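Here is what each chain is made of, one letter per residue.
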Amino acid sequence: MSVPSVNIAIIGAGLMGREIASAIQRWPALIDHPVRPRVTAVCDIQPAALDWFDQIDTVTTKVTDYQDLLADPSIDVVYVAVRHDLHERIYSDVIAAGKSLLAEKPFGIDASAAAAILDAVVAHPESFVRCSSEMPFYPGAQMAINYVRSGALGTIVEARNSFLHASDVDVDKPIGWKRQNRFCGEAGVLNDLGLHTWHVPLRLGWEPEAVYGVLQNIVDQRPGPDGALVDCDTWDNAVLHSWTRHEGTRFPLITETKRIDPGQKNTWVFEAIGLDGGVRFSTKNPKSVEVFSVVDVPGSGKEQVWQQIDAGSQSVWPTVTGANFEFGFSDSILQMWAVFLAERDGSLGDRFGCVTPEEAVATHGIFAAAQLSHAEGRAIRPQGMRITG
Ligand SMILES: NC(=O)c1ccc[n+]([C@@H]2O[C@H](COP(=O)([O-])OP(=O)(O)OC[C@H]3O[C@@H](n4cnc5c(N)ncnc54)[C@H](O)[C@@H]3O)[C@@H](O)[C@H]2O)c1
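Residues numbered from 1 in each chain as written. Predicted model: local features only at pLDDT ≥ 70, side-chain atom pairs only at ≥ 80, totals over all residues.

Naming follows an unreviewed UniProt entry, where the protein chain appears as Putative dehydrogenase of Microbacterium saperdae.

Structure below.
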């Protein structure tokens, strides 16, 4: 079957630029997707970073100035994966050029950058814009989201969404742009990992009414380019205790983002518990979803039970992968792109979508509240929420 092609350009040929380009090579795994993307162009200020893309035979354009891509009428969609201090300018330029944009988090280095990008989105409705957050596309995460939406929790007790790394346990790890406020942003780890912990809560309607932030800068110096120690001023870990509401009931929502959580490698955790039911999912054990209920156990009577389900391979967009097979990080990237391009095409329907610009802006309001809360030792109401739907 012939479907329309969508030409994609990548700005920033680093870790994520390569991840996205390789994930899109698996597009035929998707069943009946309405479009067929091709990565045709790539830009990086370091020419050597472009060499990797020679392996992808659809890539015909390699440039060091992204303006060359924006002037190319054959390019429909741009994916941008660069330092946070560059988001506002590059995202705004992509949007003003009328290209669609899959932006990377945190969607601007701070709240004012994010608001400026949202203003550009509003001024250019021809540009379809979403922000990257792939972890909710794990089948187990989707199962947990659907469980909450079903009403099975009953009266909610509490919920938690965490994103946990241990990549910075090594104090001799050299400093990079992600560990310096001037490139990463004053929100530190919240800018790096925070949107991953708010995509699902905000989509479930759990906008925080008050946030209490507990932030830690555990390693405050790291080796610089010449080996001498330089300041490492970003927050490493941030735990946010928030009050929000589910079906009218006020409840505590905890979001944790940690660069230094010994033993964890990209562990995304979602759990919600209520009086009638509960659900837990962690990418640490990516097949497994646990659900809570009170059941009649033969011979014992009513007992509280956590039951375990193997989630299989199927997520939001169906694939040719056997339903019983396992799902991984690059599958979540493929699902995120399937959903992004389906929504751009008007074909997503009511399926779970990528982070909207309004949701990304809302996270900056939450991060700012968390920083102020930490500084003043009191709960803060987040500002700048512009979520409407
Ligand atoms: N969604 C995720 O799971 C995930 C994971 C890691 C990083 N990220 C995000 O992706 C973005 C990039 O992170 P990364 O880890 O890929 O970084 P990286 O440092 O590996 O790559 C960034 C690349 O951008 C290039 N670059 C810098 N200025 C440029 C410019 N003006 N034009 C073109 N290229 C330029 C650099 O040379 C580098 O190759 C960040 O916003 C980060 O927060 C997302």
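Past the structure itself, the notes keep going.
Caption draft 1: Examining the overall build of the protein chain more closely. Tallying secondary structure elements over the protein chain gives 10 helices and 16 strands in all. Here the protein chain has a C-alpha radius of gyration of 21 Å; the compact-globule value for 389 residues is 21 Å, and the two agree. For the protein chain, the C-alpha atoms occupy an extent of roughly 70 × 55 × 40 Å along the three principal directions. Sorting the 389 residues of the protein chain into buried and exposed places 48% on the buried side. Expressed as a percentage of contacts within the protein chain between residues at least 6 apart in sequence, the contacts between residues at least 24 apart total 68%. (Helix = DSSP H or I, 4+ residues; strand = E, 2+ residues; numbered from the N terminus. Rg over C-alpha atoms; globule rule 2.2 N^0.38 Å. Buried ≥ 20, exposed ≤ 12 C-beta atoms within 10 Å, placed from the backbone. Contact = placed C-beta atoms within 7 Å.)

Caption draft 2: Spatial organisation of the nonpolar core. Among the nonpolar cores identified, the biggest contains 104 residues, and Ala9, Ile10, Ile11, Val78 and Val80 are the most heavily contacted of them. Here this core gets nine residues from one element, more than from any other, and that element is helix 9 (residues 329-345). Once residues within four sequence positions are removed from consideration, Ile10 is found in contact with Gly17, Ile20, Ala21, Val39, Val42 and Tyr79. (Core = buried A, V, L, I, M, F, W, Y, C linked by C-beta atoms within 7 Å.)

Caption draft 3: Here's a closer look at the UniProt feature "domain: GFO/IDH/MocA-like oxidoreductase" (unreviewed entry) in the protein chain. According to UniProt, the "domain: GFO/IDH/MocA-like oxidoreductase" (unreviewed entry) feature falls on residues 146-241. With 24% helix and 28% strand, residues 146-241 has its two end C-alpha atoms placed 24 Å apart. (UniProt positions renumbered as here; feature names shortened; annotations may be inferred.)

Caption draft 4: Highlighting the packing of helix 8 (residues 189-203) against helix 10 (residues 357-376). In the contact formed by helix 8 and helix 10, the axes pass within 9 Å of each other and the chain directions differ by 120°. When the axes of helix 8 and helix 10 are compared, the crossing they make is right-handed. For the pair formed by helix 8 and helix 10, the contact residues are Leu190, Asn191, Gly194, Leu195, Trp198, His199 and Leu202 on the first element and Glu359, Ala360, Ala362, Thr363, Ile366, Phe367 and Ala370 on the second. Looking at side-chain class alone, the contact of helix 8 with helix 10 contains nine nonpolar, four polar and one charged residues. (Axes fitted to C-alpha atoms, helices over the stretch in contact; angles between N-to-C directions. Left-handed = near helix turned anticlockwise from the far one by under 90°. Nonpolar A, V, L, I, M, F, W, Y, C, P; charged D, E, K, R; others polar.)

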